[in-house]
Amino acid sequence: MMGFVAIRNIFHSIQSRKLQTLTPCYIVLYRYCHFHPNPNLGPSDPSLSSLNKVPQNNVGIFWDLDNKPPKSFPPYEAAVRLKKAASEFGVVRYMVAYANSHAFSYVPPDVREQRKERKALDQLENKGVVKPDEPSICRVCGRRFYTNEKLVNHFKQIHEREQTKRVNQIESARGKMRVKLVAKFSMKMEKYKKAVRDVLTPRVGYGLADELKRAGFWVRTVSDKPQAADIALRNHMVDMMDRRRVECLVLVSDDSDFTEVLKEARLRCLKTVVVGDSNDGALKRTADTGFSWQKIMKGKAKKEAVSVVGRWKDRDVLKRLEWTYDPERDRKLYGLDDEFDSESWDSELEGFSSGEYDNRLQKEDKNAWWELGSGSDLKSQ
């Protein structure tokens with residue numbers, strides 16, 4: 001009896017030790033795995049709405065600057081408006097622009113007229129004929145100048161030289177030193193870039209490449225050979241389609257050489273949008289929809305894009321609801337025989353057409369309808 005009591009005490013001590021070791025684990029599990037119902041959590045909660053969002057299409061903008069440069073609009077503003085209009089079709093992931101060196105050195109007539117007017121006004125200010133209402137302020141150091149020409153000279157002599165020194169220091173450095181210099185000069189360089197647009201005249205063209213880069217475009221200069229930009233842009237579009245990076249192509253061009261690329265995109269079930277000035281061009285007839293530059297700049301394209309996306313959704317729903325006959329699938333689904341006995345079916349049809357079935361029915365139905373089966377019933381009785 002004493003041995004049984006000792007064994008029971010040992011067993012209880014082991015169980016108590018196990019519970020002591022497992023208790024913290026249970027507390028942790030309870031702390032992290034037990035949830036109380038939250039009455040404030042409903043369908044309108046933003047945390048649930050983010051989970052129920054419909055995945056949007058990836059949009060790629062491909063700009064043929066040789067064929068369609070923003071001549072009558074500021075480059076940065078045109079690029080921003082174009083991106084806003086394209087964002088109605090999905091999430092804009094890629095923005096690419098191709099052109100040769102002539103497209104970047106070209107200066108539109110409107111920009112030329114503005115430069116002539118600015119030059120004439122500077123001459124009148126130097127002579128004292130015209131006095132500005134407010135002094136010109138340097139956006140880098142904050143100094144004030146009563147003529148625009150003095151501001152330009154100040155900017156070139158001081159800030160442009162400082163910017164050149166910073167760039168040379170960064171390019172000559174390597175490794176960690178280069179990273180430190182970029183971090184050190186990043187604020188000053190960004191401030192200079194914002195101020196230089198309004199003060200200095202671009203040395204080449206009217207700053208098309210810089211303005212598009214500022215808007216987020218990846219700008220690529222190709223050789224001056226004929227159709228070089230078209231070939232490079234076409235290859236880039238095909239590469240994006242092969243890698244399945246985009247579901248919607250936005251092409252900014254009026255060149256009919258891109259017609260085959262748009263047809264290929266539609267065969268791959270991609271959405272296609274064309275931005276150009278020609279109202280009835282080959283590209284707009286091939287693409288799903290098209291807009292003009294006037295609609296892009298006025299914001300009308302952004303409003304029309306909503307209805308276009310609605311039509312695309314309706315078309316996708318109808319495609320899913322289309323019924324297609326697949327004999328192999330029906331045989332597997334309903335367990336039908338793979339082989340079909342056509343001879344037996346033909347013989348049955350011939351017998352039916354020759355009247356054998358009619359003769360059998362006539363023999364069986366000799367008596368009147370109320371006398372049918374009476375003889376058999378009597379015999380059975």
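First, a word on scope: everything that follows refers to the structure included in this document. Because the structure is predicted, anything quoted here is derived from the model rather than measured.

1. Side note on the overall build of the chain
Here is step 1: Secondary structure summary: the chain contains 17 helices and eight strands in total.
Here is step 2: Counting only residues that meet the buried cut, the chain has 30% of its 381 residues in that class.
Here is step 3: Partitioning the intrachain contacts of the chain with sequence separation of at least 6 by distance along the chain shows that 64% fall at a separation of at least 24.
Here is step 4: In the structure as shown, the chain presents an accessible area of about 27600 Å², 53% of it carried by carbon and sulfur atoms.

2. A few points about unusual backbone geometry
Here is step 1: Look at Gln227: it is not a glycine, yet its phi comes out positive at around 65 degrees.
Here is step 2: Inspection of the secondary structure puts Gln227 in the loop between strand E5 (218–222) and helix H9 (228–242).
Here is step 3: Positive phi is not limited to glycine here, since Arg244 has a value of about 60 degrees.
Here is step 4: Summarising the element assignment, Arg244 is placed in the loop between H9 and strand E6 (248–252).

3. Let's talk about the packing of H9 against helix H10 (residues 259–267)
Here is step 1: Across the interface, H9 lies against H10 with an axial gap of 11 Å and an inter-helix angle of 5 degrees. Comparing their axes, H10 and H9 come out roughly parallel. Contacts between H9 and H10 pair Arg234, Met237 and Met241 from the former with Val261, Glu264 and Ala265 from the latter.
Here is step 2: Classifying every residue of the contact of H9 with H10 by side-chain character gives four nonpolar, no polar and two charged.

4. Things to note about the environment of Ala85
Here is step 1: One can find Ala85 in helix H3 (residues 75–86).
Here is step 2: For the pair Ala85 and Met297, spaced 212 residues apart in sequence, the C-alpha to C-alpha distance is 9.3 Å.
Here is step 3: When residues no more than four places from it in sequence are discounted, the contact partners of Ala85 are Ile296, Ala301, Lys302 and Ala305.

5. Comments concerning helix H6 (residues 148–172)
Here is step 1: The first and last C-alpha atoms of H6 sit 35 Å apart over 25 residues, in line with the 36 Å expected at 1.5 Å per residue.
Here is step 2: When the local axis directions of H6 are compared, the greatest deviation, roughly 35 degrees, occurs at Lys156.
Here is step 3: Within H6 the residues assigned to the buried category are Asn148, Leu151, Val152, His154, Phe155, His159, Glu160, Gln163, Arg166 and Ile170.
Here is step 4: Those residues of H6 hidden inside the fold are in contact with helix H5 (109–127), strand E3 (136–137), strand E4 (144–145) and helix H7 (176–199).

6. Quick look at the nonpolar core
Here is step 1: The biggest cluster of nonpolar side chains holds 39 residues, and the ones touching the most others in it are Ile61, Trp63, Leu82, Phe89, Leu212, Phe217 and Trp293.
Here is step 2: When near neighbours in sequence (up to four residues on either side) are disregarded, Trp63 contacts Lys68, Pro70, Ala79, Leu82, Val96, Ala97, Tyr98, Leu212, Phe217, Leu233, Val252 and Trp293.
Here is step 3: Listed in part, the 21 residues of the second largest apolar core include Val246, Leu249, Val261 and Ala265.

7. With respect to the packing of aromatic side chains
Here is step 1: Evaluation of the coordinates by the stated rule reveals seven aromatic pairs.
Here is step 2: Seen in terms of ring centroids, Phe73 and Trp293 are 6.3 Å apart; in terms of plane orientation they differ by 40 degrees. Their pairing is tilted. Here the residue Phe73 occupies a position in the loop between strand E1 (58–64) and H3, and Trp293 occupies one in helix H12 (residues 293–298), the gap between them amounting to 220 residues. The two residues Phe73 and Trp293 agree in class, both being buried.
Here is step 3: Summarising the aromatic geometry, the rings of Phe89 and Trp312 are spaced 5.4 Å apart at their centres and angled 35 degrees between planes, so their arrangement reads as tilted. Taken together, the residues Phe89 in the loop between H3 and strand E2 (91–100) and Trp312 in helix H13 (residues 300–321) connect sequence positions 223 residues apart.
Here is step 4: Overall, the relative accessible area of 7% leaves Phe89 in the buried class.
Here is step 5: Cluster of aromatic residues (ring-pair linked, three or more members): Trp63, Phe73, Phe217 and Trp293.
Here is step 6: The residue whose ring lies beneath Arg214 is Tyr76, and the NZ or CZ to ring-centre distance is 3.7 Å.
Here is step 7: Over the aromatic face of Phe258 sits the side chain of Arg234, whose NZ or CZ is 5.7 Å from the ring centroid.

8. With respect to a nonpolar patch on the surface
Here is step 1: Together, Leu121, Leu124 and Val129 make up a nonpolar patch on the protein surface, roughly 230 Å² of accessible area in all.
Here is step 2: Mapped onto the elements of the fold, Leu121 is located in helix H5.

9. Focus: the environment of His236
Here is step 1: By secondary structure assignment, the location of His236 is in helix H9.
Here is step 2: Along the primary structure His236 and Phe62 are separated by 174 residues, whereas in three dimensions their C-alpha atoms are 8.7 Å apart.
Here is step 3: When residues no more than four places from it in sequence are discounted, the contact partners of His236 are Phe62, Val96, Tyr98 and Trp218.

10. Considering the packing of H6 against H7
Here is step 1: In contact at an axis separation of 10 Å, H6 and H7 are set at 150 degrees when each is read in the N-to-C sense. In this view, H6 runs roughly antiparallel relative to H7, as classed from their interaxial angle. Viewed along their axes, H6 and H7 form a crossing whose handedness is left-handed. Residues Leu151, Val152, Phe155, His159, Glu160, Gln163, Arg166, Val167, Gln169, Ile170 and Glu171 of H6 form the contact with H7, whose participating residues are Arg178, Leu181, Val182, Phe185, Lys188, Met189, Tyr192, Ala195, Val196 and Val199.

11. With respect to the side chain of Ser253
Here is step 1: Residue placement: Ser253 occurs in the loop between E6 and H10.
Here is step 2: Within the local environment of Ser253, its side chain forms a polar contact with the side chain of Asp64, the two groups lying 3.4 Å apart.
Here is step 3: Within the local environment of Ser253, its side chain forms a polar contact with the backbone nitrogen of Asp255, the two atoms lying 3.0 Å apart.
Here is step 4: If we ignore the near neighbours within four places in the chain, the residues touching Ser253 are Asp64, Asn67, Lys68, Phe258, Val274, Val275, Gly276 and Leu283.

Thresholds, definitions, all that
Residues numbered from 1 in each chain as written. Predicted model: local features only at pLDDT ≥ 70, side-chain atom pairs only at ≥ 80, totals over all residues. Heavy atoms only, no water. Helix = DSSP H or I, 4+ residues; strand = E, 2+ residues; numbered from the N terminus. Buried < 20%, exposed > 50% of the residue type's maximum accessible area, 1.4 Å probe, protein only. Contact = heavy atoms within 4.5 Å. Areas by Shrake-Rupley, 256 points an atom, 1.4 Å probe, with all protein chains shown as cover. Axes fitted to C-alpha atoms, helices over the stretch in contact; angles between N-to-C directions. Parallel < 35°, antiparallel > 145°, perpendicular 65-115°, else oblique. Nonpolar A, V, L, I, M, F, W, Y, C, P; charged D, E, K, R; others polar. Expected span 1.5 Å × (residues − 1). Bend = angle between axes of the 7 residues up to and from the residue. Core = buried A, V, L, I, M, F, W, Y, C linked by side-chain atoms within 4.5 Å. Phe/Tyr/Trp six-rings, centres within 6.5 Å; stacked < 30°, edge-to-face > 60°. Lys NZ or Arg CZ within 6 Å of the ring centre and 35° of its normal. Patch = residues over 30% accessible without salt bridge, like charges linked within 9 Å, V, L, I, M, F, W, Y side chains within 5 Å. Salt bridge = Lys/Arg side-chain N within 4 Å of Asp/Glu carboxyl O. Left-handed = near helix turned anticlockwise from the far one by under 90°. Polar contact = N/O pair within 3.5 Å; in protein donor to acceptor, adjacent residues only side chain to side chain.

These results come straight from atomic positions and should not be treated as a statement about function.
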